[in-house]
Structures are given as C-alpha cells and as structure tokens.
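Inside the fold
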Amino acid sequence: MTIKLILAGCGNMGYAMLAGWVKSTKLKAAEVLVVEPAEALRSRAEALDCLAVADATGIPADTKPELVVLAVKPQVIREATAAYKKFGNGETTFLSVAAGTPVATFAAILGERTPIVRCMPNTPAAIGKGMMVMFSNSLVSETTKKDVADLLSSSGAVAAIDDEVLMDAVTAVSGSGPAYIFHFIECLTAAGEHAGLPIQTAKLLAMQTVYGAAALAAESGEEPGLLRQQVTSPNGTTAAALGVLMGGDRLKNLVAEAVEAARARSVELGK
Ligand SMILES: NC(=O)c1ccc[n+]([C@@H]2O[C@H](COP(=O)([O-])OP(=O)(O)OC[C@H]3O[C@@H](n4cnc5c(N)ncnc54)[C@H](O)[C@@H]3O)[C@@H](O)[C@H]2O)c1
C-alpha cells in the first residue's frame, strides 16, 4: 500500500497520536511509515501494523507522502527536519507538534513554498480525549486544513488559531496542562493520605474526583464557577477549603505564574 503519512518520532506524543489515528478508520496502519531510532518504540509502532525504520535513509525512494508529522524534541527538530528536505516546496504538507519552534524555522529548512501546520496536542490524545490546536501557514489550502483537522479529530477536540504568537500560550495551557492536573491528583492523594486514608483509597478518590468533575464541567454546559458554588454549602466544608485555595487569589496567582513560566519557556525553545 502507498505510504501517505510519515511520522518522525514515535515517543510519548508521536505514539499517542499514532494510536488514535490507527484506531480510527481515518488512516490505515499500512499507510503510515514511522521513523524512530529507538528499537523498542519502533516495535510499539509495528505492533499497530505500521512500517517502521530507524532513520530517514530507510524511507523507500518512491515515497511521496501527503503528510510528514514531526514529533521529535525541540532540541533536535532542526536536524530531524533537514532529513525531509526533499519533500519540501511541493505537494507534501508538514505537521510539527514541537513546542516553540515557529513555522519560519521549518520554512527556512524545507523551502519557503512548503505547506506547514503547527499543532499543539496533548497526551490525552492517546485515548481520544486530547486537545489539538492548529496554526497553518498561508500555503496550506482550505481542503488540506480540513483534512488535517479531520485526521487530528480522531485524537480529540480540534481548534485553530490565526495568530502564531498565541501558540506559546496554547502550549502553556493545553499542551503542558495535563501535567498540572496529574500533579493536582498527586497532591490530593497525598493530602488524603495525610488525613488518614489508606494510599490506594486516597488515589482512587483523588483520581475519580478529578475525572468526574472534568466530565461534569465538559458535559453539563454550566460555568465552572456555578458548578463550584453547587458544591459549596454556606459555612460548610468546601467553603473552609476554598478559603485556603482562593483566599488572596492564592491558587489563581500560582496557576497564572506557572502558565507564564511555560509560555516563556515555549518562546525560548523557539529561538
Ligand atoms: N509529551 C507531551 O505531552 C507533548 C505535548 C505536546 C507537544 N509535545 C511535543 O512533542 C514533541 C515530542 O515530545 P515527546 O514528549 O513525545 O518526546 P519523546 O522523547 O517521548 O519522543 C521523541 C522521539 O523522537 C525520537 N527521535 C529523536 N531523533 C529523531 C529523528 N532524527 N528522527 C525521528 N525520531 C527521532 C526519539 O527517539 C523519541 O522517541 C516535542 O517537540 C514536544 O514539544 C509533547
């Protein structure tokens, strides 16, 4: 079968997206060629029935991919992209998920006439619950934007932005965001244990509470502030806890500081 998509980098994010694509009917495994130097990660891709090679020299000479997805670390993205230069300035669209790296960097390596999409995904993509945000350069046709969005939708919700500068803020909110929530689960678990619960019970309560609250916020259509008020009895237990978290905007300021640190780091990674 013809290779339609090359995935360069099958680590945490590359594999999360690949698993979503292959599980959906949007792409057949045999249409994907994975380029990944780590043998164990190539085996993971092969287990999904994808072809996998260790480096770009293993790509069959007659390959004309519709899409090359770059899912390597920002620190090696320039060097990795250069291996796909022969697909630049043509029909192939490039999709990068690297934090920070701007479209201009890819255009400088691949050629100024290359259609390029930047996408910021997140790891819940592995179970179809990701948040994918796209920015496309002017060479990406409306049809291709729709096709790429359709492919990405197999991994979760898809949104687009028109101003590339906002990609740093997107990265700081939804790209890195799952880690903030996982840390909150760790903190709630530790607090539960400190309050006397057995560790396994504390873990279950913390995880199911975050899961249930996120699902309720997503599915009810209500403002999170209203849902919070529905939990908070006057002078009750929740009010006591929220006094600690919300007093002096403590958590709000802390989250704002964390998001700003991530945004600033995304800007740095792009340099
Ligand atoms: N992990 C996340 O939550 C997340 C979210 C959004 C975006 N991203 C972005 O995704 C990219 C990958 O991050 P990750 O967390 O998956 O990292 P990772 O280290 O898990 O995966 C990167 C993979 O690239 C492979 N690789 C290295 N050089 C290569 C080359 N020349 N050709 C092909 N493969 C090569 C590595 O062996 C590794 O398996 C980063 O640019 C990151 O900014 C990650």
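How each quantity is defined
- Residues numbered from 1 in each chain as written.
- Predicted model: local features only at pLDDT ≥ 70, side-chain atom pairs only at ≥ 80, totals over all residues.
- Heavy atoms only, no water.
- UniProt positions renumbered as here; feature names shortened; annotations may be inferred.
- Near = heavy atom within 4 Å.
- Polar contact = N/O pair within 3.5 Å; in protein donor to acceptor, adjacent residues only side chain to side chain.
- Areas by Shrake-Rupley, 256 points an atom, 1.4 Å probe, with all protein chains shown as cover.
- 1 Å grid on protein atoms, 1.4 Å probe; cavity = no way out; pocket = protein on both sides within 12 Å on 5 of 7 lines; lining within 4 Å.
- Sits in = over half its atoms within 2 Å of the grid points.
- Nonpolar A, V, L, I, M, F, W, Y, C, P; charged D, E, K, R; others polar.
- Patch = residues over 30% accessible without salt bridge, like charges linked within 9 Å, V, L, I, M, F, W, Y side chains within 5 Å.
- Salt bridge = Lys/Arg side-chain N within 4 Å of Asp/Glu carboxyl O.
- Helix = DSSP H or I, 4+ residues; strand = E, 2+ residues; numbered from the N terminus.
- Contact = heavy atoms within 4.5 Å.
- Buried < 20%, exposed > 50% of the residue type's maximum accessible area, 1.4 Å probe, protein only.
- Pairing = 2+ DSSP bridges.
- pLDDT = per-residue confidence, 0-100.

An unreviewed UniProt entry lists the protein chain under the name Pyrroline-5-carboxylate reductase, with Mesorhizobium retamae given as the organism. In its Pathway (unreviewed entry) section, the UniProt entry covering the protein chain states "Amino-acid biosynthesis; L-proline biosynthesis; L-proline from L-glutamate 5-semialdehyde: step 1/1."

**Examining the site of the ligand**
The full set close to the ligand counts 20 residues, and Asn-12, Met-13, Glu-36, Val-72 and Ala-99 are the nearest of them. With respect to the ligand, the backbone of Met-13 contributes an N or O atom lying 2.8 Å from an oxygen atom. One of the side-chain N or O atoms of Lys-73 is found 3.3 Å from an oxygen atom in the ligand. When the ligand sits alone it has 820 Å² of accessible area, and the protein chains cover 77% of it. Judged by the fraction of its atoms near the pocket grid, the ligand is located in the second largest pocket. For the shell around the ligand, the per-class residue count stands at 14 nonpolar, four polar and two charged.

**A short note on a nonpolar patch on the surface**
Taken together, Leu-197, Leu-204, Leu-205, Met-207 and Tyr-211 make up a surface patch of nonpolar side chains, about 480 Å² in accessible area. Secondary-structure assignment places Leu-205 in helix H8 (residues 199-220).

**Describing the environment of Thr-81**
With respect to the helices and strands, Thr-81 occurs in helix H3 (residues 77-82). In this structure the C-alpha to C-alpha distance between Thr-81 and Phe-106, which are 25 residues apart in sequence, comes to 7.3 Å. Not counting residues up to four positions away in its chain, the partners in contact with Thr-81 are Leu-70, Phe-106, Ile-109 and Leu-110. Within polar-contact distance, the side chain of Thr-81 engages the backbone oxygen of Ile-77 at 2.6 Å.

**Some points on the pairing of strand S2 (residues 32-35)**
Burial along S2 is two-sided: the residues Val-32 and Val-34 and Leu-33 and Val-35 are all buried. Where strand S1 (residues 5-8) and S2 come together, four bridges link them in parallel fashion. If you follow Leu-7 over to S2, its bridge partner there is Val-34. The sheet contact formed by S2 and strand S3 (residues 51-53) spans three bridges and is parallel. Paired with Val-35 across the two strands is Val-53, which belongs to S3.

**Digging into the confidence of the model for the protein chain**
Overall, the prediction assigns the protein chain a mean pLDDT of 96, with 100% of residues at 70 or greater. Listed scores for the predicted complex are pTM 0.93 and ipTM 0.97.

**Focus: unusual backbone geometry**
Phi at Asn-89 is positive, roughly 55°, even though this residue is not glycine. Of note, Asn-89 is situated in the loop between H3 and strand S5 (93-96). With a relative accessible area of 32%, Asn-89 lands in the partly exposed category.

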